[in-house]
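Chain by chain, the residues:
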Amino acid sequence: MQSKLKRVDFIFSSNEESKKVLLKTFRKTREEILDELITSRLKGRGGAGFSTGMKWKFAKSEVADQKYIICNADEGEPGTFKDRKILDKALFKVLGGMAIAGKVVGANKGFIYLRGEYKFLVPQLKEGISDFHKLLKNELDFDFNIEIFLGSGSYICGEETALIESMEGKRGEPRNKPPFPTQYGYLGKPTVVNNVETLALVMMVCQVEAENFKKLGIHDSTGSKLFSISGDTPKSGIYELEFGMSLIDFVEEFGDGDTKSVQVGGASGFCVPRKKFETTTIGYKEDLDGDSLPTGGSMMLFNSSRSMYNVLHNYLEFFTNESCGQCTPCRIGCQQLLKGIKAIKRGDKSEEYLKQLLELTDTMKLTSKCGLGQSVANSFSSIVENFREEMIY
Amino acid sequence: MEIKALIFKLAEKYGRKRENLIPILQGVVQEERYISDEAMVEIARQLDISAAQVYGTCTFYSFLNTKPKGKYIIRVCETIVCDMRGKKEVISTLEDLLKIKIGETTHNKRFSLLKTECLGWCHKGPVMLVNDEVYTELTPEKIRNIIAKYKENIN
Amino acid sequence: MTDTVKIKIDGIEVKLEKNASILDAAKQLNIKIPTLCHHEDLCVAGNCRVCVVEQEGVHNLVPSCSTPALDGMIIHTMTPKVRKARKDLIALLVSEHNTQCTTCYRSKNCELQDLAAEYNIDNEVYLSVLKPSKVDRSSWSIEKDDSKCIRCQRCVRTCAELQHVNALDVAYRGKDMKISTFMDLHMNEVVCVNCGQCIIHCPTGALTERRYYDNIWDAIGDPKKHVIINTAPSVRVALGETLGFPVGTRVTKKMVTALKKIGFDAVLDTDFAADVTILEEGHELLHRLKRVFVDKEKVSLPMITSCSPGWVKFIEHMYPNYLSHLSTCKSPQQMFGALAKTYYAKKKGIDPKDIVSVAGMPCSAKKYEANRPEMKSSGYNDVDAGLTTREIGHMIKETGVDFLSLEETEFDSLMGESSGAGVIFGATGGVMEAALRTVYEVVTGREVPFKNLNITPVRGLKGVKEATIKIENCVPAFSFLEGVELKIAIAHGLINARIVMDQVEKGTSPYHFIEIMACPGGCIGGGGQPIPTNCEIRQKRIDAIYEEDANMPVRKSHEVKEVQELYRDFLKEPLGQKSHHLLHTKYTKRNRY
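By convention here, each chain's residues receive numbers from 1 onward along its written sequence. Naming scheme: in the order in which they are written, chains are lettered from A and ligands are numbered from 1. Side-chain atom pairs in this predicted model are given and counted only at pLDDT of 80 or more, local residue features only at pLDDT of at least 70, and totals for whole chains, interfaces and linings cover all residues. The side-chain values count all of the structure's non-hydrogen atoms but skip hydrogen atoms and water molecules.

> Just checking my understanding: could you explain the overall build of chain C for this structure?
Here a strand is any run of E in DSSP of at least two residues, a helix any run of H or I of at least four, and the numbering for each starts at the N terminus. Looking only at helices and strands, chain C features 20 helices and 17 strands. Summarising its shape, the C-alpha atoms of chain C cover approximately 80 × 65 × 50 Å along the three principal directions. For the exposure calls, accessible area comes from a 1.4 Å probe over protein chains only, and a residue counts as buried if that area is under 20% of its type's maximum, exposed if over 50%, partly exposed in between. Here chain C holds 593 residues, and the buried ones make up 64% of them. For this analysis, residues touch if any pair of their heavy atoms sits within 4.5 Å. A separation of at least 24 residues holds for 75% of the contacts in chain C among residues at least 6 apart in sequence. If you sum the accessible surface of chain C, you get close to 22,000 Å²; carbon and sulfur atoms cover 51% of it. We count Lys and Arg on the positive side and Asp and Glu on the negative side, and we leave His and both chain ends out. In plain terms, the charge of a residue is placed at NZ if it is Lys, CZ if Arg, CG if Asp and CD if Glu. Counting 76 positive and 75 negative side-chain charges, chain C places the centres of these two groups 2 Å from one another. For the accessible areas, the method is Shrake-Rupley and the probe is 1.4 Å, while residue cover comes only from the protein chains on display.

> So what exactly am I meant to see when it comes to the overall build of chain B here?
Assigned secondary structure in chain B consists of seven helices and four strands. Across chain B, helices and strands are ordered from the amino to the carboxyl terminus as α-α-α-α-β-α-α-β-β-β-α. Buried residues in chain B amount to 62% of all 155 residues. Nonlocal contacts in chain B, meaning residues at least 24 apart in sequence, comprise 60% of its contacts between residues at least 6 apart.

> Where do I start with the pattern of salt bridges in this structure?
Opposite charge on two side chains lets them pair, provided their charged atoms get close. For salt bridges, the criterion is a side-chain nitrogen of Lys or Arg within 4 Å of an Asp or Glu carboxyl oxygen. Applying the stated criterion across every chain, the model contains 81 salt bridges over all chains. A salt bridge links A:Lys119 to B:Asp132; the shortest N-O distance between them is 3.3 Å. Pair noted here: A:Lys119 is in the loop between strand 2 (109-114) and helix 6 (122-140) and B:Asp132 is in the loop between strand 3 (128-130) and strand 4 (133-135), and the two residues belong to different chains. Residue A:Lys119 is classed as partly exposed on the basis of its relative accessible area, which comes to 24%. With relative accessibility at 32%, the residue B:Asp132 sits in the partly exposed group. The partner of C:Lys260 in a salt bridge is C:Asp412, with the nearest N and O atoms 2.7 Å apart. Of this pair, C:Lys260 sits in helix 9 (residues 252-262) while C:Asp412 sits in the loop between helix 14 (389-399) and helix 15 (420-423), placing them 152 residues apart in sequence.

> Just to check I follow, could you spell out the environment of B:Arg110 for this structure?
Residues and elements named next belong to chain B. Relative to the helices and strands, Arg 110 is located in the loop between helix 6 (87-98) and strand 2 (111-116). We classify Arg 110 as buried; its relative accessible area is 12%. It is 31 Å that separates the C-alpha atoms of Arg 110 and Arg 45, two residues lying 65 residues apart in sequence.

> Honestly, the interface of chain A and chain C in this entry has me stumped. Any pointers?
Put simply, an interface is often sized by how much accessible area is lost when its parts join up. Contacts between chain A and chain C engage 36 residues on the former and 38 residues on the latter. Put simply, buried area is how much 1.4 Å-probe accessible surface two parts lose in total, over both of them, once they are put together. Carbon and sulfur atoms make up 50% of the surface buried where chain A meets chain C, a total of about 3,100 Å² over both sides. Counting the surface chain A buries against chain C, the share from its top three residues, A:Arg171, A:Arg331 and A:Leu366, is 19%. Counting across the interface, chain A meets chain C through three salt bridges. Here a polar contact is taken to be a pair of N or O atoms separated by no more than 3.5 Å, where protein atoms must pair a possible hydrogen donor with a possible acceptor and residues adjacent in sequence count only if both atoms sit in side chains. Across the chain A-chain C interface, the total number found is 24 residue pairs in polar contact (both at pLDDT 80 or more). Listed by contribution, the elements that provide at least two residues to the side of chain A that touches chain C are helix 11 (308-322), helix 12 (328-346) and helix 13 (353-367) of chain A. Considering each element in turn, the side of chain A that touches chain C owes the most residues, ten residues, to helix 12 of chain A. A class-by-class count of the residues in the side of chain A that touches chain C yields nine nonpolar, 18 polar and nine charged. When residue character is reported, Ala, Val, Leu, Ile, Met, Phe, Trp, Tyr, Cys and Pro are called nonpolar, Asp, Glu, Lys and Arg charged, and the others, Gly included, polar.

> Explain the sheet that holds strand 3 (residues 145-150) of chain A here, please?
The strands that make up a sheet pair up through hydrogen bonds in the backbone, lying either parallel or antiparallel. Residues and elements named next belong to chain A. For two strands to be treated as a pair, DSSP must find no fewer than two bridges joining them. If you walk across this open sheet you meet the four strands as 3-2-1-4, and the pairing is parallel. In this open sheet, the two edge strands, each paired with only one partner strand, are strand 3 and strand 4 (191-195). Taken pair by pair, the neighbouring strands of this sheet meet at an average axis angle of 20 degrees, ignoring direction. Only C-alpha atoms enter the line fits that serve as axes; for helices the fit covers just the stretch in contact. Angles between N-to-C directions range over 0 to 180 degrees. On the sheet, helix 6 packs against strand 2 and strand 3 and is oriented at approximately 165 degrees with respect to strand 3.

> Explain the domain arrangement of chain B to me, please; I cannot follow it from the model alone.
An automatic or database domain assignment supplies the residue ranges for each domain. Domain boundaries in chain B define domain 1 (3-58) and domain 2 (72-152). Taken over C-alpha atoms, the centre of domain 1 of chain B sits 29 Å from the centre of domain 2 of chain B.

> Mind showing me how you'd approach the interface of chain B and chain C here?
Counting from both sides, the interface comprises 17 residues of chain B and, opposite them, 15 residues of chain C. Surface buried jointly by chain B and chain C totals about 1,500 Å² across both partners, of which 60% is contributed by carbon and sulfur atoms. Broken down residue by residue, the surface that chain B buries against chain C is led by B:Ala52, B:Tyr55 and B:Phe60, which jointly contribute 34%. The interface formed by chain B and chain C contains one salt bridge. For C:Arg592, the salt bridge goes to B:Asp48, with nearest N and O atoms at 3.4 Å. Across the chain B-chain C interface, the total number found is nine residue pairs in polar contact (both at pLDDT 80 or more).

> Help me out: how do you make sense of the packing of aromatic side chains in this one?
Any aromatic ring pair is given by two values, namely how distant the centres are and how the planes are angled relative to each other. Whether two aromatic rings pair depends on their centres lying within 6.5 Å, for rings of Phe, Tyr and Trp, where Trp uses its six-membered ring; planes under 30 degrees apart make the pair stacked, over 60 edge-to-face, and the rest tilted. Counted under the stated rule, the structure contains 25 aromatic pairs over all chains. Ring centres of A:Phe50 and A:Phe58 lie 6.5 Å apart, and the angle between their planes is 35 degrees; on these two criteria the pair is classed as tilted. Note on A:Phe50: relative accessible area 44%, which makes it partly exposed. Every member of this aromatic cluster is reached through a ring pair, and the members are B:Tyr72, B:Phe111, B:Tyr135 and B:Tyr150.

> What is the right way to look at the packing of helix 2 (residues 80-95) of chain C against helix 3 (residues 111-118) of chain C in this model?
Two quantities define a packed helix pair, namely the angle between the axes and the distance from one axis to the other. All names here are of chain C. Running from amino to carboxyl end, helix 2 crosses helix 3 at an angle of 130 degrees, the nearest separation of the two axes being 10 Å. Comparing the axis directions of helix 2 and helix 3 gives the class oblique. The crossing of helix 2 and helix 3 is left-handed. Here helix 2 contributes Ile 90, Leu 93 and Val 94 to the contact with helix 3, which in turn contributes Leu 112, Leu 115 and Ala 116. Tallied by class, the residues present in the contact of helix 2 with helix 3 amount to six nonpolar, no polar and no charged. Angles below 35 degrees are treated as roughly parallel, those above 145 as roughly antiparallel, those between 65 and 115 as roughly perpendicular, and all remaining angles as oblique. When the near helix sits turned anticlockwise from the far one by under a right angle, the crossing is termed left-handed; a clockwise turn instead gives a right-handed crossing.

> What am I meant to see in the sheet that holds strand 9 (residues 259-264) of chain A here?
Residue and element names in this part refer to chain A. In space, the five strands of this open sheet follow the order 8-7-13-9-10, with mixed pairing throughout. The two strands at the open ends of the sheet, each matched to only one other strand, are strand 8 (237-242) and strand 10 (270-273). Shown here is a sheet whose adjacent strand axes are inclined to one another by a mean of 30 degrees, direction ignored. Strands strand 7 (224-231), strand 8, strand 9, strand 10 and strand 13 (298-303) of the sheet are contacted by helix 10 (residues 247-254), whose axis makes an angle of about 115 degrees with strand 9. Strands strand 9, strand 10 and strand 13 of the sheet are contacted by helix 11, whose axis makes an angle of about 150 degrees with strand 13.

> How should I be thinking about the pairing of strand 16 (residues 485-492) of chain C in this particular structure?
Side chains on a regular strand alternate between the two faces of the sheet. All names here are of chain C. Most of strand 16 sits out of view: six of its eight residues are buried. Across seven bridges, strand 15 (residues 464-470) lies against strand 16 in antiparallel orientation. Considered in strand 16, the bridge of Ala 467 is made with Ile 488. Between the parallel elements strand 16 and strand 17 (residues 513-517), the chain passes through helix 17 (residues 494-506) in a crossover that is right-handed. When the strands point away from the viewer and the connection leading from the first strand across the helix to the second strand turns clockwise, the crossover is called right-handed.

> Where do I start with the domain arrangement of chain C in this structure?
What the domain assignment lists for chain C is domain 1 (4-78), domain 2 (106-113 + 120-209) and domain 3 (278-329 + 419-530 + 550-583). Distance from the C-alpha centre of domain 1 of chain C to the C-alpha centre of domain 3 of chain C: 44 Å.

> In this structure, what is going on with helix 2 (residues 21-32) of chain B? I would like to understand it.
What a helix is expected to span follows from its residue count: subtract one and scale by 1.5 Å. The end-to-end C-alpha distance of helix 2 of chain B, which contains twelve residues, comes to 16 Å, matching closely the 16 Å that a straight helix rising 1.5 Å per residue would cover. Counting buried positions over the twelve residues of helix 2 of chain B gives nine, a clear majority of the element. Within helix 2 of chain B, the full set of buried residues consists of B:Leu21, B:Ile22, B:Pro23, B:Ile24, B:Leu25, B:Gln26, B:Gly27, B:Val28 and B:Val29. Looking at the buried residues of helix 2 of chain B, the elements they touch are strand 3 and helix 7 (160-167) of chain A together with helix 1 (3-14), helix 3 (37-47) and helix 4 (51-58) of chain B. Phi for B:Arg33, located one or two positions after helix 2 of chain B, is positive at around 75 degrees.

Okay, here's the thing in structure tokens:
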């Protein structure tokens, strides 16, 4: 059967072409590049989905003696491994995206915040960066210096303000927003933090131009997306697909024939049960009808042999350990959810208590300081509501 | 190298501002596998921040150990996909081979066995890190070979 | 761009300065939004989340403390959505809390307890996630009980922003996140200076002073013991707050009555010792100046006051190479103690071993100070116990007396008479002002040239204050100071102490004499004072202190009759041999890290 999914082959395409794109882009003005990017409606690929062009625009409009571009390579969402491969195979595109960001925003300093678990990549990254510096100097006469900052084992540092705190030598505790990093970022200076894939896609926009970029995907979910596919699938790996696919088409292609649910967006994403595959689209919520799910690209498939209680338990242990602990709803809420589902499973708490816990996830969503605490509700409620029996018996 | 000399060297290399703290801590872990209280005090002195601040930062990050660890730190991914693909067997194999439990260090200070969150190799699980090295698609057989290699590798 | 913004809260429009928060706006309208991690002395944290409100057009609730008010915002502080979330957050905090409130020292003065009561929290809603922990009672001054900690980080911010000590920080993360010292060491093993600012900024009973008043009740009940108490100037302007009086009420004479009812054999005045301190310290300053100007010796200047035991421990840790700048004078508490078991004992014909000497202090560091090994110059513990203003409040409550309607009593004698100069020790700048009132007169034979003796440039809440006083027409003995411009500075709060000490360290300090107090506002804002303490309250207590001074018949230390008698009958002269033995001390170098 013909696959209904549209494969895209940009990110891992030839880096030679990318070099030409970079040289071409640097001949444009900052404003032209920014316009192109805003027109493309490229959104951040880390999961939050903020308009990349707008982010750059905010940082560009700030007046400061120093600005920074940070590539967020703290890929820690369970089930996500695309950024590692991009850095491994398509580093040039990422560095190109950073340099373009530097030009547009007016920054001459960039960092790659690389998660500690990917330390083995450092030697090759250093080599790539060194070559890239030469290119910038010799062929573009552009003063832009990129350094690697190595993380030390903390999921929350993928949150952009926690990442900045971490770079400042502190505990990775997310900041209050506002002010946003584009106003007050690393060392108090305007800072753009973009995901690895986003920066690579900037090169795609520059290569194919906004109008063509927009032809991929649907509505505001434009372009292609890398998916990290794992779990009960014969085809686990990384795939670049057009944005806006239907989950049923996805499962047809990647499922093992017995797919019970798909976790879209990792532990902080949503669990979609079989009965909703048909009505679920992968893309940003505000511009799609029906169930639509944004994602950083993690797709974990579970077949009917899996206990969804175990899955949820695993996520909650993860959140309980990886919460920074500073704000009440996230620190205590995660512990209560974990302790709560255990108590229900053991029979120490009645089934009714699930309702209390679901209400708690509402509070966590409404009041947590950052995306971690806010998104625990996603997996919790989607698993508990769709697999209620598994939670109790 | 004596710890004070090491920290001095690292401070010279990275700088003495707060934003240089984490590279310095990583440098100590690289050499010593953990950051002792003596090291933390010395880092505080070099950066002129309080020792409590150094400690607070260390304890936030999983890789900045403040307790002694073995020469080879094994971190087994415990995230859901690795769990589904046989994490439990990986851990029991390691526990049997090393005769320690998760969280412990062997008597000869050669191996520490820890759990960790997603290592970013879900398509090739189960996986583990040994120091900075990744090992994927683990089987008991593979694990025995890997451990044998590290046991032999005296230096 | 305009400098003001207009927002609407609960249907009422309010105009605000730019950068004000939603919380500020609500305060302006007298709308109460509950807070826990917020304290006006400290930077905004936005941790506890109980101050969340609803902003029209925004799905998630926003924390009012950290969200700036932007033009046109429409805010609702009490919708069902807000109330439910808030109640849930409080219930979560309760689930992590040791809820044995009936036995908690902070019961009825606890912000979590108040909120839990206001929102009628059901303790059964959530399972307990309280972590096992041990109460740390290692310090003489501060007790740390993690089971009562709500992790708001007010103590951490206090220790960093107000005091720049950083003995406490946040450690670990997630469920294990806690407030910790370096390596979870005991409080007495780290750089803590015992100032107790963390205590008065703690919303719950997680940080409290070590309490010793049970021992005092025992001593009072022992007929063989002669139990005396001296009370510091700041106690009399703050104690009323714990007993139903408005902030800033002077309750000196009611306090004396109440302490007598408790059963103290004599109620005496620390101000007496403060006046003695002025004579000793004033002469020490003149002595140092003489060695510089006349003998051309190298002497450590500026000389810095040593009344504040939090400050003393701070300099011992942070600037151990500059201890020679500290005045060798003991603090008034310790001078009092040393004199109580020598001079007082002799005059009263009481065996000093039977005297129990208690100090009523606005301070937690005084408890540590009383137990320093140097503080046994009488041959006994010079001070047997230091009690905070709060502990004294508790003792008075235990007696059941109606403090509000209590009759008034004067301090006992001996060592109960004092001057207004002794009183103002309680406010930042007070020691300096008291010293100047005496020193200037000793040197010139004339009163300080300020109206009503009020040296206003040294008063007020500015972090570092400085002044210059030109000395002219000296008496012959001090002709070496003719024309000298005496440069002085005052710092309060240890972050400000750092500023003046960094100058000393660099060798650029222009001053001759510096007063430093560990606590913001001086002793009236001490770690042993009633909770809450904030800027407005500090100012009211300061106003009361100066009012007390203005109403004293004697305003200068050297004019106090009992002080004059002390020198005539016992000490002979300031800086004399006896003084040296009883009233002066040495300091210890400590680790900075």
